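# Examination of the molecular architecture
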Amino acid sequence: MLLLGIDATVAVTAGAAASATRFGGFGTGIGTGYLLFSVTVFPLCWVLALAMSRAYDPRFLFIGPDEYQRTLLAGAALTSAVAVVSYAAKLEIARGYVALALPGALLLDLLCRFAVRKWVHHNRAESARFMQRVIAVGYERSIAVLATELHRHRYHGMRVVGACLPPHRPHRQRVADCDIPVYGRFADIAEVVERTHADTVAVLSCPELQGPELQRLAWELEESDVDLLVAPALIDVAGPRTTIRPVDGLPLVHVDHPTLSGGRRVAKELIDRAGAAVALLLLAPLLLLIGLAIRLTSPGPALFRQTRIGKDGAPFTLLKFRSMYTEAESRVAELRAANDHDGVLFKLRDDPRVTPLGRTLRRYSLDELPQLVNVVAGRMSLIGPRPPLPDEVERYPSDMYRRLVVKPGMTGLWQVSGRSDLSWEESVRIDLRYVENWSLALDAMILWRTVFAVLRSRGAY
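The next subject is the nonpolar core. Core analysis: the biggest nonpolar cluster contains 25 residues, and Phe42, Trp46, Phe62, Leu78, Tyr97, Ala105 and Val116 have the highest contact counts within it. For this core, the secondary structure elements donating two or more residues are helix H1 (2-23), helix H3 (41-52), helix H4 (66-88) and helix H5 (95-127). Setting aside anything within four residues of it in sequence, one finds Ala105 in contact with Val10, Ala14, Phe42 and Trp46.

Encoded structure:
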């Protein structure tokens, strides 16, 4: 209801503003007529277009790009409908009004939905409001992974409140590693849902609950209007790569190959190089000022050069503004025992090797701006996996080499998901997810989220 009221208000505001702009006020008869249209018919048409494009579907609200895509679809559909109806009925509609009202409503609606999304995400993170209560069904390990991920990323709006385990598993009071209470077995799912007031059941990959058993569960949950989510055995493959192909009543998940070449990759290459070149030109004064400040505040060069591993395992020289004292590399061995990171990465929250100016540069990622030169040279992308060090790659297990099939990026899912606060396994898995699900739309979303990640400076050290 909140979104419905916001959308109607947006339409009234955009329509009234368009009428006032086009007709210079509401004193004239035609201006008054368009004002009445703006507060009555236009909001109804706008809300109806959004409803027909499924912009109010709870599955798409406050998460992912689908909500925005469906809002854009509603704007395009309503514009087309106005053009067709006015032509077919030979209506005299002021084109200036249409040219202002529809784009204005679309832009204002997108901004309002973004603001509402941020408000909902804040409430989910701070007070656990607007959350779905989930009963997880499957093996303990899968339940622990799901519960941990949903707790870490609360903006998804789901919280695991209980679990049901397979009948042959040992009886447990709680799921290990995530402290989720176990309420019963598979046969008890419907009763557990009622007892815990859950509104969602998530069935994880489990051979004991497939086919007829899963269908019967769906029938039981249908009576109480509880959502049923079924997780396939695929890992980190989602979005446009997966579609459902029903074959004789059996829903098969069709998985497309990832987009690693072709026209869209060429478009990404052009966007990367052109965008980096423009950014270098616009930021040239800032780059010169930072370089001068580094030289004046600590001895040594302004730029730091380091060998990193790029696409297909090819080494290249990565450029950054120097944020440490010149002897930083020689002190790694003596500081390794104080490593704040796990696994392969070496990170210190209070690194004594970092200069005072370097802390500010790192906080706002200004030290990474020289990597625009690497992008222009074709060794990096604006968006991509984190560029690894050679000794990290030497310790990769075989499946991690998958992240080297694309160019590393200045920013990526790793940066907007927590940066150095992530564990080694999490950062690698996130990079693999990016490779498997890459699209231009995903790049645009990451670039947008990078702005807020840099301003918050979370995980930057």
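Attention shifts here to the sheet that holds strand E3 (residues 174-175). Spatial strand order, E3-E4-E2-E1-E5-E6: six strands in an open sheet with mixed pairing. Looking at strand neighbours, the two that pair on one side only are E3 and strand E6 (227-230), the edges of this open sheet. Pairing of E3 with strand E4 (residues 180-185), which is carried by two bridges, proceeds in the antiparallel orientation. Across the sheet, Val175 pairs through a bridge with Ile180, a residue of E4. Helix-sheet contacts for helix H6 (residues 140-152) involve strand E1 (132-137), strand E2 (158-165), E3, E4 and strand E5 (200-203), and the interaxial angle to E2 is about 170 degrees.

Looking now at the environment of Gly5. Among the secondary structure elements, Gly5 is positioned in helix H1. Given a relative accessible area of 35%, Gly5 falls into the partly exposed group. Each C-alpha atom, one on Gly5 and one on Val47, is 9.3 Å from the other, the two residues being 42 residues apart in sequence.

This next bit is on the packing of H1 against H3. Contact pair H1 / H3: the axes reach a minimum separation of 8 Å and the direction vectors enclose 135 degrees. By the angle between their directions, the pair H1 and H3 is classed as oblique. The chirality of how H1 crosses H3 is right-handed. Residues Leu4, Asp7, Ala8, Ala11, Val12 and Gly15 of H1 lie in contact with H3, whose contacting residues are Phe42, Pro43, Trp46, Val47 and Leu50. Partitioned by chemical class, the residues of the contact of H1 with H3 number nine nonpolar, one polar and one charged.

All chains considered together, the criterion is met by three aromatic pairs. Judged by centre distance (5.5 Å) and plane angle (75 degrees), the ring pair of Phe114 and Trp448 falls under edge-to-face. With a gap of 334 residues between them, Phe114 in helix H5 and Trp448 in helix H16 (residues 440-456) connect regions that are remote in the sequence. Accessibility expressed as a relative area gives 19% for Phe114, which makes it buried. Among the residues examined, Trp448 registers a relative accessible area of 47% and is labelled partly exposed. Ring geometry for Trp119 and Phe130: centres 5.3 Å apart, planes at 55 degrees, overall tilted. Of this pair, Trp119 sits in helix H5 while Phe130 sits in the loop between H5 and E1, placing them 11 residues apart in sequence. By relative accessible area, which is 40% here, Trp119 ends up partly exposed. Taking the ring centre of Phe60 as reference, the NZ or CZ of Arg70 above it sits at 4.0 Å.

Let's shift gears to the environment of Met131. Tracing the chain through its elements places Met131 in the loop between H5 and E1. Classification of Met131 as buried rests on a relative accessible area of 16%. Expressed as a C-alpha distance, the spacing of Met131 and Arg159, which sit 28 residues apart in the sequence, is 6.5 Å. Beyond its immediate chain neighbours, meaning those up to four positions away, Met131 contacts Arg124, Arg154, Gly157, Met158 and Arg159.

This brings us to unusual backbone geometry. Phi angles above zero are rare outside glycine, and Phe62 is one such case at about 70 degrees. Of note, Phe62 is situated in the loop between H3 and H4. Here Asp179, not a glycine, exhibits a phi torsion of approximately 60 degrees, which is positive. Position of Asp179 relative to the elements: it lies in the loop between E3 and E4.

Further remarks concern the side chain of Arg113. Positionally, Arg113 belongs in helix H5. Since its relative accessible area comes to 0%, Arg113 is described here as buried. A distance of 3.0 Å separates polar atoms of two side chains, one belonging to Arg113 and the other to Asp7. When near neighbours in sequence (up to four residues on either side) are disregarded, Arg113 contacts Leu3, Asp7, Leu50, Ala55, Tyr56, Leu61, Glu67, Tyr68 and Thr71.

As a further point, take the pattern of salt bridges. Note that side chains of opposite charge can pair when their charged atoms are close. Per the counting criterion, the structure on display carries 17 salt bridges. Two residues, Asp443 and Lys268, come together in a salt bridge whose shortest N-O distance is 2.7 Å. With a gap of 175 residues between them, Asp443 in helix H16 and Lys268 in helix H9 (residues 263-297) connect regions that are remote in the sequence. The exposure class of Asp443 is buried, given its relative accessible area of 8%. A salt bridge links Glu392 to Arg386; the nearest nitrogen and oxygen atoms lie 2.6 Å apart. Judged on exposure class, the residue Glu392 and its partner Arg386 are both buried.

Right, let's talk about the pairing of E6 for a bit. Strand direction decides the pairing type here: E5 and E6, joined by four bridges, are parallel. Paired with Ala202 across the two strands is Leu229, which belongs to E6. In this fold, the crossover linking E5 to E6 by way of helix H8 (residues 212-223) has right-handed handedness.

Parameters and conventions
Residues numbered from 1 in each chain as written. Predicted model: local features only at pLDDT ≥ 70, side-chain atom pairs only at ≥ 80, totals over all residues. Heavy atoms only, no water. Core = buried A, V, L, I, M, F, W, Y, C linked by side-chain atoms within 4.5 Å. Buried < 20%, exposed > 50% of the residue type's maximum accessible area, 1.4 Å probe, protein only. Helix = DSSP H or I, 4+ residues; strand = E, 2+ residues; numbered from the N terminus. Contact = heavy atoms within 4.5 Å. Pairing = 2+ DSSP bridges. Axes fitted to C-alpha atoms, helices over the stretch in contact; angles between N-to-C directions. Parallel < 35°, antiparallel > 145°, perpendicular 65-115°, else oblique. Left-handed = near helix turned anticlockwise from the far one by under 90°. Nonpolar A, V, L, I, M, F, W, Y, C, P; charged D, E, K, R; others polar. Phe/Tyr/Trp six-rings, centres within 6.5 Å; stacked < 30°, edge-to-face > 60°. Lys NZ or Arg CZ within 6 Å of the ring centre and 35° of its normal. Polar contact = N/O pair within 3.5 Å; in protein donor to acceptor, adjacent residues only side chain to side chain. Salt bridge = Lys/Arg side-chain N within 4 Å of Asp/Glu carboxyl O. Right-handed = clockwise from strand over helix to strand, strands pointing away.

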